[in-house]
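Observations on chain architecture
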Amino acid sequence: MHVFNEEEREILTAVKRFCEDRIKPAASAIDEEDVFPRELYTELGKAGILALTAPEEYGGLEISVHCWLECLSLISAASASLSMSVTACSSLMFLVSRFASEELGQKCLPKLATGEAIMCACITEPNAGSDVSSIATTAVLDGEHYLVNGSKIFITSGSVADYFVIFAKTRVGDKEGLICLLADKTMPGIRITRDEKKLGMRGSVTSELWFEDLRVPIDHVIGNAGDGFKVAYNTLERGRLYVAAMGLGIARAAQEAAVEYSKTRVQYGKPICKYQAIQNKLVDMEIGIDAGHALVHSIAERIERGEQTIKQASCAKVFCSELAERVTAEALQVFGGYGYCKDYPVERYFRDAKALPIFEGANEVQRNIIGKVILA
């Protein structure tokens, strides 16, 4: 198990303090108002939290995967919707730093690291979710530009983004392939058609976009033309591990709330935590969270060693997202009728957790990925 060094411990202490002082008090209002908290997101940048995963040459600290997973869990425990935006952007910062040219990196990464700008990934379409090969958006080479046309749905931070990482079909020689392009909001041809009204993760904007003759310069290709599948799958692998960390954060917040409530709620003359039925619920939560924590950090260790973690990331995504669902449901049950009311945060944890088995590749698809590996 990873042992955090002094610098990492200081970072985690600072992130926890920011979460307690700034994010947690705002979480209920973010959910209620369902408006992206741009000012709070910018504060994350000013506090240096968004720069933690950026390479040093772009103004970041490039901390270990272990430390960033803990940071995401802390932010998720305070506000899962804000963490959704942070998680999406950090995955894309990894994509740009790994696959884009230095010029493209300098164009956007310093602004992303300071919170001055936000980036979104444009992958999902009406007929192409986890099945990236079914993407219908096209990018046609036209002189010194690619002409992009198509639509995207369920795009995290879409309507508040400054930069758009777009995946589209293109021709490479006589073959069809996938291309990854970087566009920005100043380029004509990007149209935001709607923001979704969601059950949970309210305050994290989820948008529908249209690209209409969007002209993207050829030097804005991330990787090489035709490398889009490799770029997408490498990014999704990291993103699925981040979702697992989010699940752990939500589960921990729900479990801690249930523990505290069970100590103060008195029935039949004693706190309900004295009843074995309630204790069993709390213990099962703790076992699951500890197991999930060990799983994600074992994967972080493999990443730090430079190993591939496609199967492992899918395992962590499935386990921790479904853990978050179970824990939040049981926590709500511990609260009884109050758990169903907005006076306590567990109903928000419950709604937020439901998103995790769906996005970044539905858990049914993750099981297919795992099955292919173990049956190969």
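Residues numbered from 1 in each chain as written. Predicted model: local features only at pLDDT ≥ 70, side-chain atom pairs only at ≥ 80, totals over all residues. Heavy atoms only, no water.

**Quick notes on the overall build of the protein chain**
Helices and strands together make up the secondary structure of the protein chain, namely eleven helices and nine strands. By the compact-globule yardstick of 21 Å for 376 residues, the protein chain fits well, its C-alpha radius of gyration being 21 Å. Based on the C-alpha atoms only, the size of the protein chain along its principal axes is roughly 80 × 45 × 45 Å. Buried positions account for 53% of the 376 residues belonging to the protein chain. When contacts within the protein chain are restricted to residue pairs at least 6 apart in sequence, long-range pairs at least 24 apart make up 73% of them. Within the structure as shown, the protein chain displays about 16,800 Å² of accessible surface, and the carbon and sulfur contribution to it stands at 52%. Charge centroids of the protein chain, computed over 41 positive and 51 negative side chains, lie 5 Å from each other. (Helix = DSSP H or I, 4+ residues; strand = E, 2+ residues; numbered from the N terminus. Rg over C-alpha atoms; globule rule 2.2 N^0.38 Å. Buried < 20%, exposed > 50% of the residue type's maximum accessible area, 1.4 Å probe, protein only. Contact = heavy atoms within 4.5 Å. Areas by Shrake-Rupley, 256 points an atom, 1.4 Å probe, with all protein chains shown as cover. Lys, Arg positive; Asp, Glu negative; His and termini not counted. Charge placed at Lys NZ, Arg CZ, Asp CG, Glu CD.)

**Looking at the packing of aromatic side chains**
Inspection of the entire model under this criterion finds five aromatic pairs. When the centroid spacing of 5.7 Å and the interplanar angle of 50° are considered together, the rings of Phe36 and Tyr41 count as tilted. Residues Phe36 and Tyr41 agree in their burial class; the two are buried. Arranged with centres 5.7 Å apart and planes meeting at 75°, the rings of Tyr261 and Tyr344 form a pair that is edge-to-face. (Phe/Tyr/Trp six-rings, centres within 6.5 Å; stacked < 30°, edge-to-face > 60°.)

It is worth stressing that arrangement in space is one thing and function is another; only the former is reported here.
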